Amino acid sequence: MSESQEIRFCKSSDGVDLAMALYGAGAPFVKAATWLTHVEFDHSSAFDQALIHEFAPSFRYVTYDARGCGLSQRRVDDISLDAWVRDLEAVVDTLGLERFPLLGISQGAAIAVTYAARHPERVSQLILFGGFATSYFTTSRSDPKRVEEAETLLKIIELGWGSAQPAFRQLFVSKFLPDADAEQRRMFDELQKATATPEMAVRYLRAVYSINVKPAAAQVKCPTLSLHMRGDQMVSFEQGRRLASLIPAARFVPIEGNNHVPFENEPSWSGFVQHVRAFLGTGNRPAELTPRQGEVLKRVAFGQTDKQIARDLNLSPRTVEMHVAGAMKALGGKTRAEAVRAAGERSLLGPVSLPGGPVTGELGKTPGLGSANDRRDRP
């Protein structure tokens with residue numbers, strides 16, 4: 001599997017520089033940008049890393065930073081849905097993509113819907129996750145209290161987005177990822193800070209709150225799969241279902257969970273992947289490990305504890321546990337020893353460098369460490 005990142009740049013129709021990231025090989029699969037994107041953080045963002053790991057082995061997976069965000073041009077005049085759609089047009093035209101599946105997540109769903117309506121010949125399949133058709137400022141029966149809430153959120157961003165203290169940004173973390181642990185919240189907060197300036201975050205969110213894709217949704221002609229977390233606190237489940245109802249013949253799939261997007265070690269992630277792969281017709285792929293999962297599992301095989309692995313790889317013990325859990329899920333192992341054994345049988349683990357130099361020999365049977373099967377299995 002190739003998860004190496006290739007970064008390229010292109011210009012939108014109004015001259016704005018856009019950063020693109022490409023992974024894998026094969027037929028293209030494009031993800032519309034959202035505001036919380038930064039291609040240099042793709043491998044440290046749990047959700048983006050999971051998407052890359054899942055789809056790069058089967059596709060030429062394409063993502064990019066929206067204008068004003070990440071490595072794309074930060075100072076821009078036009079922040080609007082129409083500008084975001086033009087950016088997507090520039091990316092796929094620069095890459096020469098003629099026809100492709102298109103993934104839209106959260107605010108990116110509105111971009112994907114609009115693009116699919118304007119370019120029916122280009123989009124083979126449309127996948128939406130956590131999307132919405134209208135927002136705070138565009139609902140037909142605006143609730144004054146909801147509008148006041150939106151203005152309050154914008155003011156909070158203006159005052160606290162660039163602060164060294166995360167208290168202001170944590171409001172958005174709690175809405176995006178209410179079930180996240182402390183480490184996941186910290187990483188998401190770091191992504192927020194890196195993605196956009198306070199001024200751009202305010203402008204961006206105001207444009208998000210002004211989205212209305214009801215007319216475009218009715219014009220979508222390609223097969224559409226729309227998924228939504230039942231307990232989503234950022235974009236309500238009802239909003240996701242409403243968007244699906246506006247798209248002719250769209251299939252709507254509820255996903256159990258409370259986070260706006262799922263983590264790879266959650267059951268909701270497996271449900272998302274299962275439905276998307278079935279929709280794309282790619283079925284189940286052979287078990288594979290991300291580079292980090294492989295590195296962690298090799299160290300487990302040679303007897304290192306989570307704390308030792310965390311120290312050597314500059315990770316938190318909780319992050320190590322997440323990588324182990326992801327490897328166990330990918331390999332179908334109920335215990336760490338079963339995962340190590342399955343990885344060894346499939347030649348997914350090779351030599352590993354531990355403190356003191358590279359280790360050779362047979363995994364699970366390294367002198368002084370004993371067999372992986374001899375140690376008490378840990379979940």
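It should be emphasised that the depicted structure is a prediction, and the values quoted were computed from it without experimental measurement.

Caption draft 1: A look at the overall build of the chain. Looking only at helices and strands, the chain features 14 helices and 10 strands. Expressed as a percentage of contacts within the chain between residues at least 6 apart in sequence, the contacts between residues at least 24 apart total 73%. Here the chain displays about 16,300 Å² of accessible surface, and carbon together with sulfur accounts for 51% of that area.

Caption draft 2: Expanded view of unusual backbone geometry. For Ser106, which is not a glycine, the phi torsion comes out positive at approximately 60°. Tracing the chain through its elements places Ser106 in the loop between strand E5 (100–105) and helix H3 (107–118).

Caption draft 3: Here's a closer look at the packing of helix H12 (residues 306–313) against helix H13 (residues 317–331). It is the contact of H12 with H13, at a shortest axis distance of 8 Å, that shows an interaxial angle of 105°. In terms of orientation, H12 and H13 fall into the roughly perpendicular class. Along its contact with H12, which presents Asp306, Ile309 and Ala310, the element H13 presents Pro317, Val320 and Glu321. In terms of residue class, the contact of H12 with H13 is made up of four nonpolar, no polar and two charged.

Caption draft 4: Molecular detail of helix H6 (residues 182–195). Between its terminal C-alpha atoms H6 stretches 20 Å, which fits the 20 Å expected from 14 residues at 1.5 Å a residue. Within the span of H6, buried status applies to Glu183, Gln184, Phe188, Asp189, Leu191, Gln192, Ala194 and Thr195.

Caption draft 5: Representation of the packing of helix H11 (residues 291–301) against H13 in the model. Put simply, H11 and H13 touch, their axes get as near as 9 Å, and they point 95° apart. Considering the angle they form, H11 stands roughly perpendicular to H13. Between H11, through Arg292, Gln293, Val296, Leu297 and Val300, and H13, the contact on the second element is made entirely by Val320, His323, Val324, Gly326, Ala327 and Leu331. Considering only residue class, the contact of H11 with H13 consists of seven nonpolar, three polar and one charged.

Caption draft 6: Representation of the packing of aromatic side chains within the structure. In this structure the tally under the stated criterion is 15 aromatic pairs. Here the aromatic rings of Phe47 and Trp269 are separated by 6.0 Å at their centres, their planes lie at 90°, and the arrangement is edge-to-face. Of this pair, Phe47 sits in helix H1 (residues 46–55) while Trp269 sits in helix H10 (residues 267–280), and the two are 222 residues apart along the sequence. Pair check on accessibility: Phe47 and Trp269 agree, each one buried. By way of ring pairs, the aromatic residues Tyr23, Phe29, Phe55, Phe59 and Tyr61 are connected into one cluster.

Caption draft 7: Representation of helix H14 (residues 336–345) in the model. Of all the positions in H14, only Arg336, Ala337, Ala339, Val340, Ala342 and Ala343 are classed as buried. Considering only its buried residues, H14 is in contact with H11, H12 and H13. Immediately downstream of H14, the backbone of Ser347 shows phi near 55°, a positive value.

Caption draft 8: Region of the structure containing the pairing of strand E6 (residues 123–129). Counting buried residues in E6 gives seven out of seven residues, a clear majority hidden from the surface. Judged from the six bridges that link them, E5 and E6 form a sheet pairing that is parallel. The residue of E6 that forms the bridge with Gly104 is Leu128. Read as a crossover between parallel neighbours, the route from E5 over H3 to E6 is right-handed. Sheet analysis places E6 next to strand E7 (residues 224–229), joined by four bridges and oriented parallel. Opposite Ile127, over in E7, you have Leu225 as the bridge partner.

Caption draft 9: The pairing of E5, seen in detail. The buried fraction of E5 is high, at six of six residues. With two bridges joining them, strand E3 (residues 28–31) and E5 adopt parallel strand pairing. Note on E5: the bridge partner recorded for Val30 is Leu102.

Caption draft 10: View of the sheet that holds E3. Reading across from one edge, E1-E2-E4-E3-E5-E6-E7-E8 is the order of the eight strands in this open sheet, with mixed pairing throughout. On the outer flanks of this sheet lie strand E1 (6–11) and strand E8 (251–255), each paired with one strand and no other. With strand direction ignored, the average angle separating the axes of adjacent strands in the sheet is 20°. Running at roughly 175° to E7, H10 makes contact with E3, E5, E6, E7 and E8 of the sheet.

Caption draft 11: Inspection of the environment of Thr114 at higher detail. Topologically, Thr114 is positioned in helix H3. On the basis of relative accessible area, Thr114 is assigned to the buried category, the value being 7%. Here the alpha-carbon distance between Thr114 and Asn212, two residues 98 residues apart in the chain, equals 9.9 Å. Ignoring anything within four residues of it in the chain, the contact list for Thr114 reads Leu81, Val85, Val213 and Ala216.

Thresholds applied
Residues numbered from 1 in each chain as written. Predicted model: local features only at pLDDT ≥ 70, side-chain atom pairs only at ≥ 80, totals over all residues. Heavy atoms only, no water. Helix = DSSP H or I, 4+ residues; strand = E, 2+ residues; numbered from the N terminus. Contact = heavy atoms within 4.5 Å. Areas by Shrake-Rupley, 256 points an atom, 1.4 Å probe, with all protein chains shown as cover. Axes fitted to C-alpha atoms, helices over the stretch in contact; angles between N-to-C directions. Parallel < 35°, antiparallel > 145°, perpendicular 65-115°, else oblique. Nonpolar A, V, L, I, M, F, W, Y, C, P; charged D, E, K, R; others polar. Expected span 1.5 Å × (residues − 1). Buried < 20%, exposed > 50% of the residue type's maximum accessible area, 1.4 Å probe, protein only. Phe/Tyr/Trp six-rings, centres within 6.5 Å; stacked < 30°, edge-to-face > 60°. Pairing = 2+ DSSP bridges. Right-handed = clockwise from strand over helix to strand, strands pointing away.

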